[in-house]
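Descriptive structure summary
These are the residues of each chain, in order.
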Amino acid sequence: MKTRAAVLHAPGEPWSVEEIDIDPPGPGEVLVKTAYAGLCHSDEHLVTGDLVPPPELLELLPGGTIFPIIGGHEGAGVVVEVGEGVTKVAPGDHVSCAFVPACGMCPSCAKGEQNLCDLGAGTFGGGMITDGTYRTHTSSGADLGTMAKLGTFAEHMVLADSSVIKVEPDLPLEIVCLVSCGVATGYGSAVNRAEVRAGDTVVVVGCGGIGSNAIMGAAAAGAANIIAVDPVQFKQEKAMEFGATHAFGSMEEAIPAVMEMTWGRMANSTILTPGVLYGDLVQQAMNLTGKGGTVVATAVAPMSQTDVKLDLAMMTLQQKELRGTIFGSASPNGAIPELLMLYRQGRLKLDELITRQYSLDEINDGYRDMNDGKNIRGVIAFD
Ligand code: CXF
Ligand code: ZN
């Protein structure tokens with residue numbers, strides 16, 4: 001059938017909203033009518049080229065490229081049709097999307113680390129998780145890839161059943177959308193990866209769609225001091241609404257205050273959630289973090305970047321840790337229902353994350369607003 005999607009044909013180009021062809025779901029797949037898609041910075045990383053694999057990796061992919069690609073890896077919708085053998089969901093079910101699929105059977109899934117599911121290895125390039133072929137095609141018949149095996153910037157999606165999580169039908173689908181990347185990633189960065197404990201001092205660097213949730217995660221874990229760092233005044237103000245206790249424009253400016261509030265011991269953890277993670281931010285985060293503390297690298301860094309500024313001797317001598325995280329180190333099938341339960345109880349301010357809704361045709365306006373620092377989260381609302 002025909003549907004509409006925002007397609008990126010090459011880095012540096014705008015999103016092209018066009019009619020595409022979408023096939024029926026194959027075995028183990030589901031057809032979803034998209035309700036909302038989040039404008040996360042990670043899709044912008046495709047536009048800037050930061051998330052485009054380097055040539056030595058690209059040449060291993062079928063066709064040697066990830067383009068053209070349907071963007072979007074944060075989304076929610078309603079199941080329309082299921083393929084052969086699907087028992088996890090049925091038509092009419094409301095689902096959240098998982099940008100890391102969970103097969104439930106690989107060693108990572110079996111150990112409760114679904115965010116590291118072996119199926120996630122093929123997030124970039126190639127076709128469906130199920131059989132490697134494509135369900136989406138341009139109007140001229142070329143295969144169309146999907147961001148993180150989802151492609152939520154489309155009115156319809158054909159997804160592997162390992163990429164969807166059934167949710168309660170009375171929950172607002174825009175909220176079900178947000179938990180699919182930003183909320184889970186930010187909240188989990190604090191709760192699971194930084195392992196924030198009651199009484200901790202936590203610094204969150206970058207207070208957009210991910211950092212705002214890291215602040216809420218730190219607050220939920222009982223942090224005593226939550227220091228928000230963002231150059232944009234509006235984001236600092238929102239950070240205080242989400243539970244930050246202090247806000248500063250830069251890491252450098254935050255240093256004296258963190259020193260004073262911790263009697264010189266510095267933060268237990270610093271969580272890096274800026275729009276782009278550059279290597280020179282790591283040592284700045286280490287400087288804010290005390291002995292035995294943890295720096296969590298959550299934001300996506302350019303794939304071509306291999307240099308990091310790091311005082312390795314002090315990291316060793318002060319027993320600090322630098323930790324990466326994907327999906328907030330949580331299991332999508334466990335975390336998404338939990339986060340939605342906290343929302344239902346009024347313990348997570350998720351409505352407040354959405355700054356503005358856009359139509360699919362307005363997607364480039366949405367990303368311009370994100371880049372201009374106007375949005376905590378913009379979402380595309382489908383009909
Ligand atoms: C990203 C990481 C790269 C794949 C898509 C999701 N994480 C958060 O936005
Ligand atoms: Zn994201």
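Here the structure is a predicted model, which means the values were calculated and not measured.

Moving on, we get to the sheet that holds strand S1 (residues 2-8). The sheet built from five strands is open, its strands ordered S7-S2-S1-S4-S8 with mixed pairing. A strand with exactly one partner marks an edge of an open sheet, and here the two such strands are strand S7 (136-138) and strand S8 (145-146). Examined bridge by bridge, S1 and strand S2 (residues 16-22) share six bridges and lie antiparallel to one another. Bridge pairing in S2 places arginine 4 opposite glutamate 19.

This brings us to helix H6 (residues 233-242). Since the α-helix turns once every 3.6 residues, residues separated by three or four places project in the same direction. Those residues of H6 that sit buried are Lys235, Gln236, Lys238, Ala239 and Phe242. Seen along its axis, H6 keeps its buried residues to an arc of 165 degrees; they face one direction. In this fold, the buried residues of H6 make contact with helix H5 (211-220), strand S12 (225-229) and strand S13 (246-248). Directly after H6, the chain includes glycine 243, whose backbone phi takes a positive value near 125 degrees.

What follows concerns unusual backbone geometry. Here the residue pair phenylalanine 67 and proline 68 is connected by a cis peptide bond, since its omega of -5 degrees sits within 30 degrees of zero. Within the secondary structure, proline 68 sits in the loop between helix H2 (55-58) and strand S4 (69-70). Residues other than glycine seldom take positive phi values, yet glutamine 319 does so here, at roughly 50 degrees. Following the sequence through the fold, glutamine 319 ends up in the loop between helix H9 (312-317) and strand S16 (321-324). Even without a glycine there, the phi angle at phenylalanine 327 is positive, about 50 degrees.

For the protein, the domain assignment lists domain 1 (2-170 + 350-381) and domain 2 (186-325). Taken over C-alpha atoms, the centre of domain 1 sits 29 Å from the centre of domain 2. On the side of domain 2, 18 residues touch domain 1, which itself brings 17 residues to the contact. Buried surface at the junction of domain 1 and domain 2, both sides included, amounts to about 1,400 Å², of which 69% is carbon and sulfur. Considering only the surface of domain 1 that becomes buried against domain 2, Asp50, Leu353 and Ile376 emerge as the three largest contributors, covering 37% of it. Our enumeration of links across domain 1 and domain 2 arrives at zero salt bridges. Taken together, domain 1 and domain 2 are joined by four residue pairs in polar contact (both at pLDDT 80 or more). Sort the elements by how many residues they give to the side of domain 1 that touches domain 2 and helix H1 (residues 41-48) lands first, with three residues.

On to the site of ligand 1, then. All residues adjacent to ligand 1 are Cys40, Ser42, His73, Phe99, Met147, Cys181, Val300 and Ile326. Of the residues in the shell around ligand 1, the class split is six nonpolar, two polar and no charged.

This part takes up the packing of helix H4 (residues 173-193) against H5. The relative placement of two packed helices comes down to the angle between their axes together with the axis-to-axis distance. Axis separation between H4 and H5 bottoms out at 7 Å; the angle between their running directions is 45 degrees. The angle between the axes of H4 and H5 places the two elements in the oblique class. As H4 packs across H5, the resulting crossing turns out to be right-handed. On H5, the residues touching Gly182, Val183, Gly186, Tyr187, Ala190 and Val191 of H4 are Asn213, Ala214, Met216, Gly217, Ala218 and Ala220. By residue class, the composition of the contact of H4 with H5 is eight nonpolar, four polar and no charged.

This part takes up the sheet that holds strand S15 (residues 289-297). Taking strand neighbours across the sheet as the criterion, the six strands line up as S13-S12-S11-S14-S15-S16 in an open arrangement whose pairing is parallel. Looking along the sheet, the strands with just one partner apiece sit at the ends: S13 and S16. Within this sheet the neighbouring strands show an average axis-to-axis angle of 20 degrees, counted without direction. With three bridges joining them, S12 and S13 adopt parallel strand pairing. Paired with alanine 228 across the strands is alanine 247, a residue of S13. Across the sheet, H4 lies against strand S14 (267-272), S15 and S16, angled at about 145 degrees from S15, the strand it touches most.

This structure, assessed with the given rule, holds four aromatic pairs. A centroid spacing of 5.5 Å and a plane angle of 70 degrees characterise the contact between phenylalanine 99 and phenylalanine 327, whose relative ring orientation is edge-to-face. Of this pair, phenylalanine 99 sits in the loop between strand S6 (94-97) and helix H3 (107-110) while phenylalanine 327 sits in the loop between S16 and helix H10 (332-344), and the two are 228 residues apart along the sequence. A residue is classified by how much of its surface remains accessible, and phenylalanine 99, at 11% relative accessible area, is buried. Feature note: the residues Trp15, Phe153 and Tyr367 constitute an aromatic cluster, connected by ring pairs.

Around the zinc ion (ligand 2), the donor atoms from the protein are Cys40 (SG), His73 (NE2) and Cys181 (SG), and they sit 2.0 to 2.2 Å away. Note that the zinc ion (ligand 2) binds four donor atoms; their angles at the metal cover 98 to 130 degrees, and the shape is tetrahedral. Coordination of the zinc ion (ligand 2) draws on donor residues from a single chain, spaced C-x32-H-x107-C in sequence. Of this pair, cysteine 40 sits in the loop between strand S3 (29-38) and H1 while cysteine 181 sits in helix H4, and the two are 141 residues apart along the sequence.

Calculation notes
Per chain, residue numbering runs from 1 following the sequence as it is written. Labels are handed out in written order, letters beginning with A for the chains and numbers beginning with 1 for the ligands. For this predicted model, a pLDDT threshold of at least 70 governs which residues receive local features, and a threshold of 80 or more governs which side-chain atom pairs are given and counted, while totals over whole chains, interfaces and linings are taken from all residues. Remark: hydrogens and water are excluded; side-chain values derive from all non-hydrogen atoms of the structure. Strand pairing follows a simple DSSP-based rule, namely that at least 2 bridges must link the two strands. Strands are runs of DSSP state E lasting at least two residues, helices are runs of H or I lasting at least four, and both sets are numbered from the N terminus onward. Buried means the residue's accessible area, taken with a 1.4 Å probe over protein chains only, is under 20% of the maximum for its type, while exposed means over 50%, and partly exposed covers the values in between. For this quantity, the arc is that covered by the directions from the helix axis to the C-beta atoms. A contact between two residues is defined here by any heavy atoms of the two lying within 4.5 Å. Throughout, the edges of the domains are those of an automatic or database domain assignment. Accessible area that two parts lose when put together, evaluated with a 1.4 Å probe and summed over both, is termed the buried area. Put simply, a salt bridge is a Lys or Arg side-chain nitrogen that is within 4 Å of an Asp or Glu carboxyl oxygen. In protein, a polar contact requires one atom able to donate a hydrogen and another able to accept it; more generally it is a pair of N or O atoms within 3.5 Å, and residues adjacent in sequence count only if both atoms are side-chain atoms. We call a residue near a molecule or strand when any one of its heavy atoms sits within 4 Å of it. Put simply, Ala, Val, Leu, Ile, Met, Phe, Trp, Tyr, Cys and Pro go in the nonpolar bin, Asp, Glu, Lys and Arg in the charged bin, and everything else, Gly too, in the polar bin. Orientation is described by axes fitted as lines to C-alpha atoms, over the contacting stretch for helices, and by angles from 0 to 180 degrees between their N-to-C directions. Relative orientations are named as follows: roughly parallel for angles under 35 degrees, roughly antiparallel for angles over 145 degrees, roughly perpendicular for angles from 65 to 115 degrees, and oblique for any other angle. Two helices crossing with the near one rotated counterclockwise from the far one by less than a right angle form a left-handed crossing, whereas a clockwise rotation gives a right-handed crossing. Ring pairs shown here join Phe, Tyr and Trp side chains whose ring centres sit within 6.5 Å, with only the six-membered ring taken for Trp; geometry is labelled stacked below 30 degrees between planes, edge-to-face above 60, and tilted in between. Metal-coordinating donors are taken as N, O and S atoms lying within 2.8 Å of the metal, or within 3.2 Å when the metal is Na, K or Ca; because water is left out, some sites can appear incomplete. Four donors are marked tetrahedral only if all angles between them lie between 85 and 135 degrees, whereas four are marked square planar and six octahedral if opposite donors are more than 155 degrees apart and the other angles lie between 65 and 115; the remainder are marked irregular.

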